[in-house]
Amino acid sequence: MWLKIFLNMNYPIKIKKAYKLKYSFFLDNSLTFINSFFRSRKKSISKINKFLIKKNIINIKLEDDFTFLSLHIIYKKILKKKKVYPNEILFIKKLYQKFEIFLKLRKKYSKKFIKITNSETNVRTYILLHILVDELNIAPLCKLNCQLKLNDKLYFYKLQNLDYFFLKLLKINITNEIKKIKKLI
Amino acid sequence: MKLKKLKNLYNNNFGAILSNTVRSFVYLDNLLKYKTIPKLIIIYSKKNINLKIKELLIKVSCDIKIIKSDNVNFTNIGKIVLTSKIDNFIFSGYPGEIVKNQIFLNKINLIHSHSGLIPKYMGSTTIYYSILNEKKIHCSTFVMNKDVDQGTILLIKRYNLPRKYNVDNYDHIIRAKNLISLINQKNKKLILTKNNKKKYSFFYKAHPVLRNLANKKLI
């Protein structure tokens, strides 16, 4: 029982340490690491499933910020199959670059993409960015690398704070990520 | 104009700007092994220099300067470079460091080895991406310019996949080998590259899961 718990904890604990070092100087070539990655992600999916059954999460509302709202508008456009303009793709690309460098996004950026505030955007921005990164014209491995880091962010947040819609998106994101990783093996 | 000075490289007429890292240790170790000794070594670090590096420095018979800074753009490094009158310097910086000092960009040839086929694989930890994508390893050595991983390419070589080492260690070794092959090459072919920022993807630090999978591909 305790061993099982330890194995499940393995990946999140290690990745939190790696995150602090911005994923530098971290190397674990063991099979247990990759196995614990899959276990941990699957555990997150079952956790989301549990939350999805509960009805009271539908009305949960998080504070919206500029970065989130801008991404949300683009996401809605893509959902409705409307034309996404080059400046919107550029916006996604800039956020992707900022995230890859700093591993966090701010609530608001200037036109020149300099942070206006120090406070971090909400977790839903990362969920949307995960989907929108696929719209970028970059190498598939670049997309996957960013998506892995974006999904790692979920270990820093309480999932019960998300509403039904974003929990569902998160579940899809994790499932797609697992599929992509399995293709690489 | 400054590229013409690359001819001097063949006669060991070069210097080295090194950070206090494992990569610098591997560079020094290989330079000693292949008797390719630089005329001047500048080591920059705020912390005490690694003992292994210190041991190697004792064996090297050349001018050594130690600078208390973690930033290659620190003005004192530029001053030392200018007064040395050496035109070519090999460079091993800290991860993510960007060279902005105009002395390095305009007056000397700052030569950097990158473990990836340039311009296809620009950025960080590209060795992992290249293994995952095509199971190939390349190393490119080039004269640095203001853009990251872009400049005049001097030598590109393909290397065998590592059997003994893990990818991280192998990365340092192939960089050092490529530098030494370049220094010992009589006629240097220059490949001028265009700005490839828009054409190719820029790779960011590989996630530990991707690194793990790349290492698995080698087994």
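Look above for the structure.
We now turn to the structure provided with this report. Every value quoted in this text rests on a predicted model; they were computed, and no experiment measured them.

**Some remarks on the overall build of chain A**
Here comes step 1: The helix and strand tally for chain A stands at seven helices and zero strands.
Here comes step 2: In chain A, the succession of α and β elements from N to C terminus is α-α-α-α-α-α-α.
Here comes step 3: In chain A, which comprises 185 residues, the share counted as buried stands at 29%.
Here comes step 4: Put simply, 70% of the contacts in chain A that link residues at least 6 apart link residues at least 24 apart.

**Considerations on the overall build of chain B**
Here comes step 1: For chain B, the helix and strand inventory stands at seven helices and nine strands.
Here comes step 2: Its C-alpha radius of gyration of 17 Å places chain B within 12% of the 17 Å reference for a compact globule of 219 residues.
Here comes step 3: With respect to the principal axes defined by its C-alpha atoms, chain B has extents near 45 × 40 × 30 Å.
Here comes step 4: Going through the 219 residues of chain B one by one, you find that 38% of them count as buried.
Here comes step 5: For chain B, the proportion of contacts with a sequence separation of at least 24, taken over those separated by at least 6, is 70%.

**Looking at the packing of helix α2 (residues 31-53) of chain A against helix α7 (residues 164-184) of chain A**
Residues and elements named next belong to chain A.
Here comes step 1: For the pair α2 and α7, the least separation of the axes is 10 Å and the interaxial angle reads 155°. Accordingly, the angle class assigned to the pair α2 and α7 is roughly antiparallel. Every pair of crossing elements has a handedness; the one defined by α2 and α7 is left-handed. Along its contact with α2, which presents F38, R41, S44, I45, I48, F51 and L52, the element α7 presents Y164, L167, K168, L170, K171, I174, T175 and I178.
Here comes step 2: Broken down by class, the residue content of the contact of α2 with α7 amounts to ten nonpolar, two polar and three charged.

**Let's talk about the environment of B:L3**
Residue and element names in this part refer to chain B.
Here comes step 1: By the element assignment, L3 lies in the segment before β1 (15-19).
Here comes step 2: For L3, a count of 14 C-beta atoms within 10 Å puts it in the partly exposed group.
Here comes step 3: Counting along the chain gives 84 residues from L3 to D87, while the straight-line C-alpha distance between them is 9.3 Å.

**Structural notes on the interface of chain A and chain B**
Here comes step 1: Taken together, the 23 residues of chain A in the interface contact 19 residues of chain B.
Here comes step 2: Listed by contribution, the elements that provide at least two residues to the side of chain A that touches chain B are α1 (2-20), α2, α6 (140-152) and α7 of chain A.
Here comes step 3: With five residues, the single largest contributor to the side of chain A that touches chain B is α6(A).

**Some points on the environment of B:V99**
Residue and element names in this part refer to chain B.
Here comes step 1: Position of V99 among the secondary structure elements: in the loop between β4 (88-92) and α4 (102-107).
Here comes step 2: Considered as a pair, V99 and V72 are 27 residues apart in the sequence and their alpha carbons are 6.8 Å apart.
Here comes step 3: When near neighbours in sequence (up to four residues on either side) are disregarded, V99 contacts V72, N73, F104, L105, L110 and M144.

**Brief notes about the pairing of β4(B)**
Residues and elements named next belong to chain B.
Here comes step 1: Most of β4 sits out of view: five of its five residues are buried.
Here comes step 2: Bridge count between β1 and β4: four bridges; the pairing is parallel. Paired with G15 across the two strands is F89, which belongs to β4.
Here comes step 3: Where β4 meets strand β5 (residues 109-114), three bridges bridge the pair, whose relative direction is parallel. Bridge pairing in β5 links F89 to L110.
Here comes step 4: A crossover connection joins β4 to the parallel β5 through α4; in handedness this β-α-β unit is right-handed.

**Some remarks on the sheet that holds β4(B)**
Residue and element names in this part refer to chain B.
Here comes step 1: A sheet is described by the order of its strands in space; here seven strands give the open sequence β3-β2-β1-β4-β5-β7-β8, paired in mixed fashion. For this open sheet the edge positions go to β3 (63-67) and β8 (151-159), each flanked by a neighbour on one side alone. Neighbour-to-neighbour, the strand axes of the sheet open up by a mean angle of 20°, direction not taken into account.
Here comes step 2: Of the pairings in the sheet, the one linking β1 to strand β2 (residues 40-44) comprises five bridges and is parallel in character. Bridge pairing in β2 links I17 to I42.

**Things to note about the pairing of β5(B)**
Residue and element names in this part refer to chain B.
Here comes step 1: In terms of burial, β5 is a largely internal element, six of the six residues being buried.
Here comes step 2: Judged by which residues are buried, β5 turns out to be covered on both faces: N109, I111 and S113 on one side and L110, H112 and H114 on the other are all buried.
Here comes step 3: With four bridges connecting them, β5 and strand β7 (residues 137-144) associate as antiparallel partners. Residue H114 lies in a different strand from β7, and its bridge partner there is S140.

Conventions we followed
- Residues numbered from 1 in each chain as written.
- Chains lettered and ligands numbered in written order.
- Predicted model: local features only at pLDDT ≥ 70, side-chain atom pairs only at ≥ 80, totals over all residues.
- Helix = DSSP H or I, 4+ residues; strand = E, 2+ residues; numbered from the N terminus.
- Buried ≥ 20, exposed ≤ 12 C-beta atoms within 10 Å, placed from the backbone.
- Contact = placed C-beta atoms within 7 Å.
- Rg over C-alpha atoms; globule rule 2.2 N^0.38 Å.
- Axes fitted to C-alpha atoms, helices over the stretch in contact; angles between N-to-C directions.
- Parallel < 35°, antiparallel > 145°, perpendicular 65-115°, else oblique.
- Left-handed = near helix turned anticlockwise from the far one by under 90°.
- Nonpolar A, V, L, I, M, F, W, Y, C, P; charged D, E, K, R; others polar.
- Pairing = 2+ DSSP bridges.
- Right-handed = clockwise from strand over helix to strand, strands pointing away.

Interpretation note: all reported values are geometric properties and have no functional meaning in isolation.
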